[in-house]
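Below are the chains, spelled out letter by letter.
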Amino acid sequence: MTVIKVAILGFGTVGEGVYRTIESHADDLEAVLGKKVEVAAILIKNKQRERNIRKDVLVTTDFEDILNLPKLDIVIEAIVNKEPTFTFLQKAIERGCHIITANKEMFAHHGKHLIALANEKSVSVGFEATVAGGIPVIQTLRQLLKINRVQQIQGILNGTSNFILTEMREKKWSFAEALLQAQKNGYAEADPTNDVEGFDAFYKAMILSRIAFGEEPNWKDVEREGITPITSELIEAAEKLELRFKHIASISKEGTQIQVTVKPALVGKENPFYHVEGVENAVSVHSDIVGRITLQGPGAGMFPTASAVIEDLAYVCQNNNIKRNFNQTVSAELEQKKGKAKEFWLITGLSKNVIKPSITCIDEISNGVFVIRADKKDLDNLGKLDETISYFPILGEFESEVVSFEEKVSAL
Ligand code: HSE
């Protein structure tokens, strides 16, 4: 029986999880693939650290040692940053290896190039672990929704942000305490700015956009905001309204334009994201035949991410010609109600001298935190005038009585 030889680049949370899962599920892999899967080499950064790795595995700090192995079938990448990762993976493809990556930043930037190169060399690229941790959303879109035309995708795509928001609400932890715990649990990126400022979710949204619509918006046109403006006070005000803050990426096609936003929003109990708590992620795909499907599961952590990688391992070994790919897809326009009604918003930092008649005050929830009804463009204009204003859309149905505008803002 031939053996499938694998190299793992990186031995952090993800790399170690992948190594341990290949060991623990060796029989399952052999049963599915008809061949043994063997980790031949691991690329590490620091030779001094003690690691629990079998003695026959080559452990090296030099990628060339890995490329020079006499037999190598799959390179699994679990490092951070775009470089040298991109270079390593190009070399691996040139050598004829399938590649699997968990690196969303690198893949959002260079995925198209890697897939084109892989097609040239007749090898496969697995990237399930780049989006939503253990949730198999990439393969759902690539393999199981090939005929459906995707209209919209919405998702909670960053486990760290969702964990922080949940812990701040449930345990009354500070932002800093919740972030520290997310780091201890192995959820956060090496630089957690990527998580809490929405960059990580942005990269994931770009990857989803490519799969669903075959293209991405101009990155500069994407509205990206993280969870840092959300204070404990705002979370409490939202609770009074039975609403929860969620960090939501939204991807749709309107006309020929791909529209993507990555930012916090408020959701009520009827919204599938309301109960997505802690490190969980959820992705809701709206397609023309099936309607709306929501997938939910762990969005970060050692074994959820290893699960995505190990399923990719089976996929790249068995890959047949998958049509829904980065470069080839069908899509349907989301039927937008043009000239749509004003939306509801939770807003803080509003001062009397910037209030416009186009803004309807609905209620004051707590000191200085209001529910209002307004057009987004009016709020964006206000936000440009006064940077202390923070406003968050309330998604879905929201019912509340309009309270006299003058009465409610007179206290300001
Ligand atoms: N830091 C990422 C998150 C890891 O918290 O979602 C999974 O991509």
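Figured I'd write up the structure that's included with this text. Since the structure is predicted, the reported quantities are computational estimates derived from the model, not experimental observations. (Residues numbered from 1 in each chain as written. Predicted model: local features only at pLDDT ≥ 70, side-chain atom pairs only at ≥ 80, totals over all residues. Heavy atoms only, no water.)

**Notes on empty space enclosed by the protein**
Then comes step 1: The full count for this structure, using the stated rule, is one cavity of 30 Å³ or more.
Then comes step 2: Quantified by volume, the largest cavity comes out at close to 30 Å³.
Then comes step 3: Those elements that place two or more of their residues in the lining of the largest cavity are α7 (159-170) and β9 (244-254).
Then comes step 4: A class-by-class count of the residues in the lining of the largest cavity yields three nonpolar, no polar and two charged. (1 Å grid on protein atoms, 1.4 Å probe; cavity = no way out; pocket = protein on both sides within 12 Å on 5 of 7 lines; lining within 4 Å. Points joined across faces, edges and corners; volume = space filled by probe spheres on them. Helix = DSSP H or I, 4+ residues; strand = E, 2+ residues; numbered from the N terminus. Nonpolar A, V, L, I, M, F, W, Y, C, P; charged D, E, K, R; others polar.)

**Some remarks on a nonpolar patch on the surface**
Then comes step 1: Taken together, Ile147, Ile289 and Val290 make up a surface patch of nonpolar side chains, about 320 Å² in accessible area.
Then comes step 2: Mapped onto the elements of the fold, Ile147 is located in the loop between α6 (137-144) and β7 (150-156).
Then comes step 3: By relative accessible area, Ile147 is classed as exposed at 66%. (Patch = residues over 30% accessible without salt bridge, like charges linked within 9 Å, V, L, I, M, F, W, Y side chains within 5 Å. Areas by Shrake-Rupley, 256 points an atom, 1.4 Å probe, with all protein chains shown as cover. Salt bridge = Lys/Arg side-chain N within 4 Å of Asp/Glu carboxyl O. Buried < 20%, exposed > 50% of the residue type's maximum accessible area, 1.4 Å probe, protein only.)

**A short note on the site of the ligand**
Then comes step 1: In the vicinity of the ligand there are 13 residues, among which Lys104, Thr160, Tyr187, Glu189 and Asp195 approach most closely.
Then comes step 2: At 2.6 Å, a side-chain N or O of Thr160 approaches an oxygen atom of the ligand.
Then comes step 3: Within the side chain of Asp195, one N or O atom sits 2.7 Å away from a nitrogen atom of the ligand.
Then comes step 4: For the ligand, whose free accessible area comes to 260 Å², the fraction covered by protein is 93%. (Near = heavy atom within 4 Å. Polar contact = N/O pair within 3.5 Å; in protein donor to acceptor, adjacent residues only side chain to side chain.)

**Description of the layout of surface pockets**
Then comes step 1: Estimated volume of the second largest pocket: approximately 1,100 Å³.
Then comes step 2: Lining of the second largest pocket is provided by 45 residues; of these, Gly12, Ala78, Ile79, Val80 and Ala190 occupy positions nearest its centre.
Then comes step 3: Residue assignment for the lining of the second largest pocket shows that the elements contributing at least two residues are α1 (13-24), α5 (104-121), α7, α9 (193-196) and α10 (199-213).
Then comes step 4: Across the lining of the second largest pocket, the residue classes break down as 17 nonpolar, 17 polar and eleven charged.

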